[in-house]
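What follows is the residue order along each chain.
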Amino acid sequence: PLMWRALRGRDASLGLAHPDTLDSLHRFTEVLGVLAASDDGVIPPWSPERLQALNNYAMMLKAAGDLPKAEVLYSRALQSAERLFGPRHPSTLTIANNLGVLLQALSKPLEAEQLLRRAFEGREESLGPMHMDTLQSLSSLAVLIAFLGKNQHAED
């Protein structure tokens, strides 16, 4: 599977003890455990654990280079997060940001901009303007705006 390929790739290029490899290993085992428990009916389909597994699996697919499948999972995770937590919850905004970055990589800049603005504005409102997550969203949005040729807004 693609998750395994991403993990092996990080192990080969970075080594097993590297933090990024260990993070991939953690996400891989977490996703497998949650998905197995979901299939057994232990974890309901709209639980926070299943949502986190969807997000992590999408991250693994992105790392493995399967951007179209990652888009499907991020979209499903975003819909689930909106239903479970609401549109302005930090978890929902994290997934919106992740999907926005992915859409930019997929050459879908207008969709990406909408999600990145939503993530930035929501994080700025709920977490404050200097929170690391807010600044990360601001950076992602600024890169996209510069890419779109709206440099005056990216520099403001």
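Just above, that's the structure.
No experiment lies behind these values; they were computed from the predicted model shown. (Residues numbered from 1 in each chain as written. Predicted model: local features only at pLDDT ≥ 70, side-chain atom pairs only at ≥ 80, totals over all residues. Heavy atoms only, no water.)

1. Quick look at the layout of surface pockets
At step 1: Here the largest pocket defines a volume of roughly 230 Å³.
At step 2: Lining the largest pocket are 14 residues; nearest its centre among them are Arg10, Met59, Lys62, Ala63 and Tyr74.
At step 3: Of all the secondary-structure elements, those providing two or more residues to the lining of the largest pocket are α1 (2–14), α2 (19–39), α3 (48–63) and α5 (90–105).
At step 4: Ranked by residue count, the leading element in the lining of the largest pocket is α3, at four residues. (1 Å grid on protein atoms, 1.4 Å probe; cavity = no way out; pocket = protein on both sides within 12 Å on 5 of 7 lines; lining within 4 Å. Points joined across faces, edges and corners; volume = space filled by probe spheres on them. Helix = DSSP H or I, 4+ residues; strand = E, 2+ residues; numbered from the N terminus.)

2. Some remarks on the pattern of salt bridges
At step 1: A full pass over the atoms with the stated rule returns five salt bridges.
At step 2: A salt bridge links Lys69 to Asp66; its shortest N-O distance comes to 3.9 Å. (Salt bridge = Lys/Arg side-chain N within 4 Å of Asp/Glu carboxyl O.)

3. Thoughts on helix α4 (residues 67–84)
At step 1: Its 18 residues give α4 an end-to-end C-alpha distance of 25 Å, which sits within 8% of 26 Å, the value for a rise of 1.5 Å per residue.
At step 2: Along α4, the residues classified as buried are Leu67, Ala70, Glu71, Leu73, Tyr74, Ala77, Leu78, Ser80 and Ala81.
At step 3: The distance from a side-chain oxygen at the start of α4 to the backbone nitrogen of Lys69 is 3.4 Å, and the residue carrying that oxygen is Asp66. (Expected span 1.5 Å × (residues − 1). Buried < 20%, exposed > 50% of the residue type's maximum accessible area, 1.4 Å probe, protein only. Polar contact = N/O pair within 3.5 Å; in protein donor to acceptor, adjacent residues only side chain to side chain.)

4. Digging into helix α6 (residues 109–127)
At step 1: Look at α6: 25 Å from first C-alpha to last across 19 residues, which is about the 27 Å you get at 1.5 Å a residue.
At step 2: Among the residues of α6, Ala112, Glu113, Leu115, Leu116, Ala119, Phe120, Gly122 and Arg123 are the ones counted as buried.
At step 3: In the core, the buried residues of α6 are packed alongside α4, α5 and α7 (132–147). (Contact = heavy atoms within 4.5 Å.)

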